[in-house]
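# Secondary and tertiary structure notes
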Amino acid sequence: MAQVDQKALLEFVLRQGDNTLVLGHRVSEWCGHAPVLEEDIALANTALDLIGQTQMWLGLAAEIEGEGHSADDMAYLRDAWDFRNLLLVELPNGDFGRTILRQFLFDAFSAIYLPLLTKSADPRVAEIAAKATKEVAYHLERSAQTVVGLGDGSEESHARMQEALDYLWPYVGEMFASDSVDQAMAEAGIGPDPAGLRAEYDALIGRVLSEATLRIPEDSFAHKGGRNGYMHTEHLGHLLTQMQWLQRAYPGCEW
Amino acid sequence: MYAQMVKSTGDAVKSREDMSDDERHFQDKVDANIKVEPRDWMPDDYRKTLIRQIGQHAHSEIVGQLPEGNWITRAPTLERKAILLAKVQDEAGHGLYLYCAAETLGVTRDELTEKLLSGRMKYSSIFNYPTLTWADMGAVGWLVDGAAIMNQVPLQRTSYGPYSRAMVRICKEESFHQRQGYAIMMKMAQGSPAQRKMAQDALNRMWYPSLMMFGPSDKDSVHSAQSMAWKIKINTNDELRQKFVNETVPQAEYLGLTIPDENLKFNEETGNYDFSQPDWDEFFEVLKGNGPCNTDRLNARRKAWDDGAWVREGLLAHAEKRAAAKVAAE
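What this report covers is the structure whose coordinates are included nearby. Just so it is clear, the structure is predicted and the values come from calculations on it, not from any experiment. (Residues numbered from 1 in each chain as written. Chains lettered and ligands numbered in written order. Predicted model: local features only at pLDDT ≥ 70, side-chain atom pairs only at ≥ 80, totals over all residues. Heavy atoms only, no water.)

## Quick look at the overall build of chain B
For the record, the criterion: Numbered from the N terminus, helices here are DSSP runs of H or I no shorter than four residues, and strands are runs of E no shorter than two. Our radius of gyration is a C-alpha quantity, and the globule rule it is checked against amounts to 2.2 Å times the number of residues to the power 0.38. Exposure is judged per residue with a 1.4 Å probe applied to protein chains only, and the accessible area is read against the type maximum: over 50% gives exposed, under 20% gives buried, and values in between give partly exposed. For this analysis, residues touch if any pair of their heavy atoms sits within 4.5 Å. In this tally Asp and Glu are treated as negative and Lys and Arg as positive; neither His nor the chain ends contributes. A charge is said to be at NZ when it belongs to Lys, at CZ for Arg, at CG for Asp and at CD for Glu.
From N to C terminus, chain B includes 13 helices and two strands. Its C-alpha radius of gyration of 21 Å places chain B within 12% of the 20 Å reference for a compact globule of 330 residues. Expressed along its principal axes, the backbone C-alpha trace of chain B runs to roughly 70 × 55 × 35 Å. The buried share of chain B, taken over its 330 residues, is 56%. Once local pairs closer than 6 in sequence are excluded, the contacts in chain B between residues at least 24 apart make up 79%. Side chains of chain B carry 42 positive and 47 negative charges; the gap between the two charge centres is 6 Å.

## So, the overall build of chain A
Short version of the rule: Note on areas: these come from Shrake-Rupley sampling with a 1.4 Å probe, and a residue is covered only by the protein chains present in the view.
The secondary structure content of chain A amounts to 11 helices and zero strands. From first element to last, N terminus to C terminus, chain A shows the α and β order α-α-α-α-α-α-α-α-α-α-α. Here the C-alpha atoms of chain A give a radius of gyration of 18 Å, agreeing with the 18 Å that 2.2 N^0.38 yields for 255 residues. Over its C-alpha atoms, taken along the principal directions, chain A stretches across nearly 55 × 45 × 30 Å. Counting every position in chain A, which comprises 255 residues, the buried fraction comes to 59%. Across chain A, contacts joining residues at least 24 apart in sequence account for 80% of those joining residues at least 6 apart. Summed over all atoms, the accessible surface of chain A reaches about 10200 Å², with 52% contributed by carbon and sulfur. Side chains of chain A carry 19 positive and 39 negative charges; the gap between the two charge centres is 2 Å.

## Thoughts on the packing of aromatic side chains
Quick note on the threshold: Between 30 and 60 degrees the pair is tilted, below 30 it is stacked and above 60 it is edge-to-face, where a pair is any two Phe, Tyr or Trp rings, Trp via its six-membered ring, whose centres lie within 6.5 Å. Working rule: Lys NZ or Arg CZ, within 6 Å of ring centre, within 35 degrees of ring normal, means a charge sits over the ring.
For the structure shown, the criterion picks out 18 aromatic pairs over all chains. Seen from their ring centres, Tyr250(A) and Trp255(A) are 6.3 Å apart, and the 70° between their planes marks the pair as edge-to-face. Both rings, one in Phe283(B) and one in Phe284(B), keep their centres 5.2 Å apart while their planes meet at 75°; by these two values the pair is edge-to-face. Residue classification places Phe283(B) among the buried positions, given a relative accessible area of 0%. Directly above the ring of Phe83(A) sits Arg78(A), whose terminal nitrogen or CZ lies 4.3 Å from the centroid. Between the NZ or CZ atom of Arg98(A) and the centre of the ring of Tyr167(A), over which it lies, the distance is 3.8 Å.

## Examining the pattern of salt bridges
Selection rule: The salt bridge definition used is simple: a Lys or Arg side-chain nitrogen within 4 Å of an Asp or Glu carboxyl oxygen.
Counted under the stated rule, the structure contains 32 salt bridges over all chains. Asp307(B) is the partner of Lys303(B) in a salt bridge, and the nearest nitrogen-oxygen pair spans 2.5 Å. Pair noted here: Lys303(B) and Asp307(B) are both in helix H12 (residues 294–307), with a separation of four residues, about one helical turn. A cluster of three or more residues bridged by salt bridges with shared partners is formed by Arg15(A), Asp179(A), Asp182(A) and Arg227(A).

## Brief notes about helix H9 (residues 198–211) of chain A
Residues and elements named next belong to chain A. Quick note on the threshold: Multiply 1.5 Å by the residue count of a helix minus one, and that product is the helix's expected span. Here the arc refers to the directions that run from the helix axis out to each C-beta atom.
Spanning 14 residues, H9 covers 20 Å between terminal C-alpha atoms, matching the ideal 20 Å at 1.5 Å per step. Considered for burial, the residues of H9 that qualify are Tyr201, Leu204, Ile205, Val208 and Leu209. Along H9, the residues classed as buried sweep out an arc of 120° about the axis, all on the same side. Away from the buried face of H9 by more than 90 degrees, exposed residues Ala199, Arg207 and Ser210 are located. In this structure, the buried residues of H9 make contact with helix H5 (96–117), helix H6 (123–151) and helix H7 (155–168). Phi turns positive one or two residues past the end of H9, at threonine 213, with a value near 55°.

## So, the interface of chain B and chain A
Counted only if it meets this: Throughout, buried area stands for the accessible area (probe radius 1.4 Å) lost by two parts on being put together, summed over both. N or O atoms closer than or at 3.5 Å make up a polar contact, with two conditions inside protein: a donor-capable atom paired with an acceptor-capable one, and, for residues adjacent in sequence, both atoms drawn from side chains. Classes in brief: Ala, Val, Leu, Ile, Met, Phe, Trp, Tyr, Cys and Pro nonpolar; Asp, Glu, Lys and Arg charged; the others, Gly included, polar.
With 46 residues of chain B in contact, the opposing surface of chain A contributes 49 residues. Approximately 4000 Å² of surface area, both sides summed, lies buried where chain B meets chain A, with 67% of it carried by carbon and sulfur atoms. Where Lys187(B) meets Glu254(A), a salt bridge forms, and the shortest distance between an N and an O atom there is 2.8 Å. Between chain B and chain A we count 19 residue pairs in polar contact (both at pLDDT 80 or more) in total. When residues of the side of chain B that touches chain A are assigned to their parent elements, the largest contribution, 14 residues, is made by helix H4 (residues 78–103) of chain B. Tallied by class, the residues present in the side of chain B that touches chain A amount to 25 nonpolar, 11 polar and 10 charged.

## Describing the nonpolar core
Going by this rule: Residues belong to a common nonpolar core when they are buried Ala, Val, Leu, Ile, Met, Phe, Trp, Tyr or Cys residues joined through side-chain atoms within 4.5 Å.
Among the nonpolar cores identified, the biggest contains 143 residues, and Phe12(A), Leu101(A), Phe104(A), Leu105(A), Val147(A), Tyr201(A) and Trp134(B) are the most heavily contacted of them. Those residues in contact with Tyr201(A) that sit more than four places away from it in its chain are Leu105(A), Ala108(A), Phe109(A), Ile112(A), Val172(A), Met175(A) and Phe176(A). Counting 30 residues, the second largest nonpolar core, distinct from the first, contains Val36(B), Tyr46(B), Ile62(B) and Ala92(B).

## Quick word on the environment of Leu204(A)
Residue and element names in this part refer to chain A. In this fold, leucine 204 is placed in helix H9. A relative accessible area of 14% places leucine 204 in the buried class. Spatially, the C-alpha atoms of leucine 204 and isoleucine 112 are 9.2 Å apart, while their sequence positions differ by 92 residues.

## Examining the side chain of Asp136(B)
Tracing the backbone through its elements, the reader meets Asp136(B) in helix H6 (residues 135–155). In this view, Asp136(B) contacts Pro130(B), Thr131(B), Ala202(B), Arg205(B) and Met206(B); residues no more than four positions away in its chain are not counted.

Purely geometric numbers; function is a separate question.
If you want it as structure tokens, here you go:
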């Protein structure tokens, strides 16, 4: 393997792990409150998969960082500005429609991106991606199906799904807003530049959203600042306040 | 025990002489440990009592998601978060098996849900107590799931086939739940002074509510005899409570925690621990709706149901469109 900029590699891995951590946390907020029992079970299942992926990604991040930290330290002891997740995943859940649509928008990206990462020049990345790819294929199948069911459902469900899409759409573009980290990863054969995946992504979500009778907003403006940590939303701090509370209040304990 | 004070006929056990031919044949089958299956003839009261019991058990699983769900977003490590999520997900799954078992008796899940939300059906009193610290996640697994297992293991042999089979699956998962709870308690009891304090505090608050899970003393339990004759209740409340105390006391000692009962003492003569009864007035208040969390728990379930109405209706509308399109295409 060619010399890889370890700082860029760490950034890259944190982006993966922080996405799954923050989204897994958001989805887990539904536990016990979903519209039907089957959805409660399915949402918990998705959250579980995402937390499992987080353990692998953040474990690798800690290894690359080389300062003796654990995956838990990465999750529970970094502050908001250290997080490298997409803004999309830190947004509040909203109603069930927004939650499932956000899941779909994220799953669609993962379902394209992760299979490419299985060919990574870094075997550690390839191994995590291989495991996650199987889970994500199932997540996508389920979230796409539900988006279609609700988009092409009743008048109210259609309206709510359109509202959710209008709200979430400005957060989609950040997935493809690549930077020097992505370029370094592409050059080292670690992972593809996400910017090159946009056409495939648009085709995939276009098919599903059209079946769901939902209209993709024309404005292509994209909020950014999550994946490079420059400027998160106000929501992330609150999420971390809750997630990290025990570790912060009782430092150094074993749980 | 996730079903308490399940109303049976309210009468004494029917004598053989008073039984119809069908009833006698049914009782013979139960006595011979032959399972009753959905299409078999069964006394109306057997059916009704079972619906109440299985329904109450299912509701307990569903409402029981809330006190533990309360800590999922604050779980202190990724592993603990994953384990807790898996556990709460199991509980939703248990609810699903049990509602399915109840459906074989001719009641729908929606009907049962409606009865829960309107307060006409109960769930276990234990879930009306709050979970205040992370140690409560340990105590709930250790004590609450531990108490549930006491009742559910014998129920694997219950007379009604679908219920019995649901219990077999549920019991496997419950014993994992209990062990994960105890594992949390071990960490807490061996941890920092603050963690030990949380562990003792959790035991102090959860002990008596856990004893209440078995229901009132046999002498005050009017519904037991007929249910036991039908084998939908296998042991008496007091038997199970005693068994629970006997098994739990050494576990608490191993943790170095003190059970909040000055009268707790091993009785050489009976081979059992003597212990104080919980405050039964408090128990009846909780059943009436006056527990610390009754209002919040039920409101949370109502909100989930009401907020989810558009989702259920939307998906149904979509399924109908699909079905209509399929018919049109044929």
